Every structure is written in structure tokens, then in C-alpha cells.
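An overview of the molecular structure
Here's the letter readout for the chains.
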Amino acid sequence: MEILEEQRENWGGRAAFVLAAIGSAIGLGNLWAFPFKVYNYGGAAFLIPYIAAMFVVGIPLMILEFSLGHFTQKAAPDAFGRVGKKWEFVGWWGILLSFVIIMYYPVVLAWCFSFLWISIKAIVTGSALPWSGHGIEGVGRAGDFFYKEYLQYNGSHTLGGINWKLFWPLVITWLAMYLCICRGVKLVGWIVWITVPLPWLMLLLLAVRGLTFKGSTQGLAFFLNPDWSQLASPAIWRVAFGQVFFSLSLAFGVMITYASFLHSKSDINNNAVIVCLSDFATSMVCGIVVFATLGAMAHVTQTAGSPVPVSKVSLGGPGLAFVAFPYALAQLPYAHWFSLVFFIALVTLGIDSAFSITESCLAAIIDKTGWKRSIVLPAMTAIGIFSGMLFITRGGLNWLGTVDTFVNGTWGITFMGLLEAVVLSWAYNIDTLRLHANNRSDWRLGKWWNYAVRIFIPVVLGSLFVWNIIDDFFVSGGGILGFFIQKDGSVNLPHCVGMAIMAICPILAVLTSAHRSPYLQPEDKTTRKSVQRKTERLVGIASLAMAILSVLLFAAALNLPSMAVHAQVKWAMIVASVLAVTAGIIAGNFAMDRAYAANAIPSSIARWSGVLSIMVLSTIIAVMLVQLTGKAKIPAVSEVEQTLKGVSYIMLGGVSLLIIAGLVWCFYLAVRAGSNGSNTLQQPEEN
Ligand code: PFF
């Protein structure tokens, strides 16, 4: 067990850690996914579910991941192993999901490197940019350049052979990632001083440039004019929650790993909020950059007599970053230089996200096996390049989309987030983590946080998860079989492969965690001194009874119409079932709290009935949501050019105020804590 006493490497200063975590969070997801999602899902209305997801799930889970990583000083699998050996697989599951991302994320980064290179070449040689052109045909040509000439995309899921033109950019990308992390987190702590501020500077330049052009506010109208009716669409809520997870790099194990390298006295709570708000701020600036520039482009092309309205450029997927935006820039003066600025922003945004995933996988393997970094990292780089080759085939773009949809959708990240919250709060004394965080933070979390992680977040994520399943299988598709088999009887290959990957991850996770390693820390048994007590067990049984009663009531209520009973009776039964299951959750929670307060093991029946009750409540909520909102569909975006509405200004102002005030508050607390006495940081130990 000598390894336990060994000093873990650390970031050094607080700023290095915060920047590295921000670096992981801000990435390609901010620049191309966020603006497009806001545009496509109700404009400023999308900001409502997004802010809800950020504050209800994002920030509390970020604090959870930071405190777990910091408390255990281990990467995700070992950190969960500390909760209980049988939970180690949860950490591996997250790591495997991030491994899936690291197969394709560097491929996109490789495209960014290529486009950066093309911009540099055009500046040096004075030649035209291949994506410049005029009018609608010009947009088509920019699209052709990216899809046909550069990607050699065949438009199908047939692989169609490797496009070797993309091979070297991929190798260069991996090499760059290798160099950034080969010396451990100390070097990363220095590199992020470049890779975080530099894209911010570039984005600022692009924002000022976009906003100073005529037409920019018309562009912003596409981004911000709200369509409130979209709030009733399930799609908006799902997309907003998924985007928060992806954008904050949550539930992939990355933030747990990063926090494990934190200095023992470092703040946790305040850092978590700073990271989340900075990510949100970056996303908003990206949205403004993209749409102000597209608005300017629409105006310029209109005046030149070859109009290209914003709604006529493809903004989905890679179309935004590699076709629409470069085309828009090319319509404005100094196109070459601003293309350079844009692709520098993309490369620097993406690279620290990419190496954060690599670092997280690496740390997990090293913690488990004790192997040397100098062996594992080159091996991972080779595996990364090799597996990335699937996505540089001519059908690679389709596979990239498929894999991304699965990992960042229902089956990947929403479920992982749910599992993480449930395991850490129902299988472990969550208060240990809260006190650990509070003992070293600029401000303290109240007990409400325990209940947020134990009850509220699982219910929210659970409802979303069940809602997604119902939608995937029964509303949008033709039942479970219809999800895998198409109407003409052929196999739906993307769905089968996507689902297979999602299924392989937990299987591999269980197998990996089954292997016992001499390097792992023992379980945390601090709360296991006395035996379980009768009262908690009885409360647990009551909780179970409530959950069962609730299921029966709800099932009966759903079947009532066929029995032609009055609608009021149906609603009364639904309300009764919700109340019953809520009582079940409260009872389970009470039993847990009581047991931990007495330093006892909570009875397993209380734990499991609590979790079961959460699942039941989530299912009830999801079914009700399906009934109330119907089929999830992507709303159509208005074709008409609009002007920015008053309410859009108010929303933009409100969001900016929220972010700025939040950040100012966090920094004020950080500075105050920093100047409080010597460097022992923050408050005395809590009991
Ligand atoms: N947060 C990154 C982005 O927005 O591009 C992507 C990402 C990084 C996802 C790290 C997951 C992860 F573990």
C-alpha cells in the first residue's frame, strides 16, 4: 500500500486547475453545437431549459465530481471503487464513454488543423480561399469543397476506403495532444494559459468584427428571437440537458480526474461555479460571433445583388464551422486573416478538451495498473490514431454523427449522469463529500445539496431518460424492434452499431473492474462501524410498499379510459400515485440520513426502495410528459428575415447579467479567501 502514501502529482496553483477545467469544458461543443442548438430549438426560449439544466444539474454535479476526485485523489474508476468495490465499474463506464469520444473528437480537430493550414497557405501565397465565392452558388461551392473535395464524403454508412488526405492531419493532432500531456499535469497547467485565453481573444475579435457590420442584428434575430411555444416540445429539454453535460465535460470522468490532481487545500465549490459560468459565457459569445457574422454576410450579399439569407446556409453538424461560417467570413474584408483567427480559435478550443479526455483515460489506466505514463500514453496515441481511421473513411462523417448521437444522447451521458448521482448518494454517505468540499471552499454548501444529488437530480435525469426511451422506441419509432429493423425489413445499421457500442461499454466496464489491482485504494469504511437498526429497515419496507402502491395506482389510472370512468377519478389516482411514491422517496431518504447520523450502515431495503421510488416517479413524470406534449419533433426554423425583438434584448441582457454577476461574485469570494491570512486557504475544519 506504499502507493497510497506516495504524493500525487498536482496542478500547482488554483488558476492552473481552473483554467484546465475550463479548457476541457470549452471546446468545439461551444462554437458549433451551442449556437446551432439555440437557433434550431426556439431561439432565446432555448436559454430557459439550458439555464435550468445548468443550475439544477450542471453546477451541483460539477461540485460532486470535483469533490469526489479531490477527496479520493484518484481517477474516476478508483474514485468510485472507494465508494464500494462493486461500484468501480461506474467509473470505468464513464471512462469508456469518453474513450468513444476520443476516437472521433480528434478527427474533427484534424479538420480544424487542415483548414487552419489552408488559411495560412492562402495568406502566404495570396491565393483565394477555397470556400470563398458569391451568392447561393458560392455557398454550394463551399459545401462541395468541404464535403466532396476535402472529406470525399460518400453520403452513406458504407466506409468506402480511407481518405489518406486526412491521415496526416489526424496524426499531427494526436502528436500535438501527446506533446501537451506527455509531461503530466504540471505542463498541462502551463499550456492552458495559452489554450484558454487565446480562443477567448480570437472570439472577442470575431465578435467585435461581426457586431460592427451592418446587418448583424438581423443575424442575431435568428439566434435570439424566442419561440416560446417550443418550450412544450420534449426535444428542447433533452437537447438542453445533453448540451450541458457535453459542454461541461460532465459524467465522462474527466472532471473527477482533473480534481484528483488538485492541491489538498484547494477550493472546490467556487471553482466549480467559475468553470460552469465561464463555459456558459463562452457559449453565448460563440452564438453572438456566429450569428452576427452570418447577419453581416446576409447584408453584404444582399447589397451585392446575390443575396444569401441566413436561413439558406447549412448550420447543422459540421456545416456551420466548415461551410457556413468560413463562407460568411470570406464575404467580408480581410477574409484570409479572419479565417486564420477563426481556425486558431477552433484548434485552441478543441485541443485542451481532447487532451483532457486522453488524460482522464490515461490516469484511470495508470491508477489501476501502475504502468508507466511513458508506455501508456504512446500506446493510447497509437490506438487513438488507429480507431480514428474509421472516421476518416469516405463514410466516416455519417459514422461520426451516429456515434456522437448515441454517446451524447439517451444511452450514454444522460444515463451516466443519473447513475453517478444515484451511486454517490444512495450507496455512499454524500455528506462526506459535502463536508469535504465545504472544509476547503470559499463558500459552503447547505444540506440542500445532499437532497439535490440524492433526489432532485435523479428524478430530473431519470424522467428525461425514460422520456427519451419512450420517444426513441414508441413515439418516433415503431417499437423496440422497429428501432433496429427498418420498414422494408432491412437492418438499421447505425442504430444497431450505436446501441452495440453503448452496450459494450458497461460490459467492458464490469469486466475491467472485476480485475483486482494492488494499486487501488480500499473502500471507504468510515461509516460502517455499527450494525443496521430496526427502525430504518421498517421505514425501508414502508418506502417499498409506497412505491408498489404508486405503480398499481398509476397503472390502474392509465387503464381507466377503457373502463369509461370519469376523468376526475383518473387524475385523482395519478395524483395519489405521485404522492405515494414521493412519500416512498422521503422515507428512503429519511432512513439513509438517520443511519448515517448514527454512524450505521443504512439498511439495503431503504436504499433500494428509495432508488426504486425515484425510478417510479421518473417513469410517471415521463409518461405524463409524453401524453401532454406528444411526438418530439425538431421545430422548423423561420425562413423570413427578422429584426431583433425587444424581448430578445431583455433575454440577452438578463443572461449576461446572470453570468457577469455570478462570476464577479465568485471572484470576489476567491480574492477574499485568498487574502484571508496566509496561504492555508479558507475556513477551519467543519465537524
Ligand atoms: N466539453 C467539450 C466541448 O464542449 O467541446 C467536449 C468534451 C470534453 C466532452 C471532454 C467530454 C469530455 F470528457
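Please read these numbers as outputs of a predicted model, since none were measured by experiment. (Residues numbered from 1 in each chain as written. Predicted model: local features only at pLDDT ≥ 70, side-chain atom pairs only at ≥ 80, totals over all residues. Heavy atoms only, no water.)

**Remarks on the confidence of the model for the chain**
- Predicted confidence across the chain gives a mean pLDDT of 88, with 92% of residues reaching 70 or more.
- Mean pLDDT values over the elements of the chain span from 39, in helix 1 (residues 2-5), up to 97, in helix 8 (residues 167-181).
- Every residue in residues 678-687 scores below 50 in pLDDT, and together they form 22 contacts with partners more than four places removed in sequence or on other chains. (pLDDT = per-residue confidence, 0-100. Helix = DSSP H or I, 4+ residues; strand = E, 2+ residues; numbered from the N terminus. Contact = heavy atoms within 4.5 Å.)

**Things to note about unusual backbone geometry**
- Phi is positive for Ser249, which is not a glycine, with a value near 55 degrees.
- Residue placement: Ser249 occurs in the loop between helix 12 (234-247) and helix 13 (254-260).
- Located in the positive-phi region is Asn599, a residue other than glycine, with phi close to 60 degrees.
- Assessed through its relative accessible area of 26%, Asn599 is described here as partly exposed. (Buried < 20%, exposed > 50% of the residue type's maximum accessible area, 1.4 Å probe, protein only.)

**With respect to helix 17 (residues 373-388)**
- For helix 17, which comprises 16 residues, the first-to-last C-alpha distance of 21 Å matches the rise-based estimate of 22 Å (1.5 Å per residue) to within 8%.
- Taken together, the buried positions of helix 17 are occupied by Arg373, Val376, Leu377, Met380, Thr381, Gly384, Ile385, Ser387 and Gly388.
- The inward-facing, buried residues of helix 17 contact helix 6 (88-125), helix 8 and helix 16 (335-369). (Expected span 1.5 Å × (residues − 1).)

**Examining the site of the ligand**
- Within the structure, the ligand sits among 15 residues, and Ala25, Gly29, Tyr105, Phe246 and Val254 are positioned closest to it.
- Ala25 has a polar backbone atom sitting 2.9 Å from a nitrogen atom of the ligand.
- In this structure, a nitrogen atom belonging to the ligand sits 2.8 Å away from a main-chain N or O atom of Phe246.
- Of all the secondary-structure elements, those providing two or more residues to the shell around the ligand are helix 2 (14-25), helix 3 (28-40), helix 12 and helix 16. (Near = heavy atom within 4 Å. Polar contact = N/O pair within 3.5 Å; in protein donor to acceptor, adjacent residues only side chain to side chain.)

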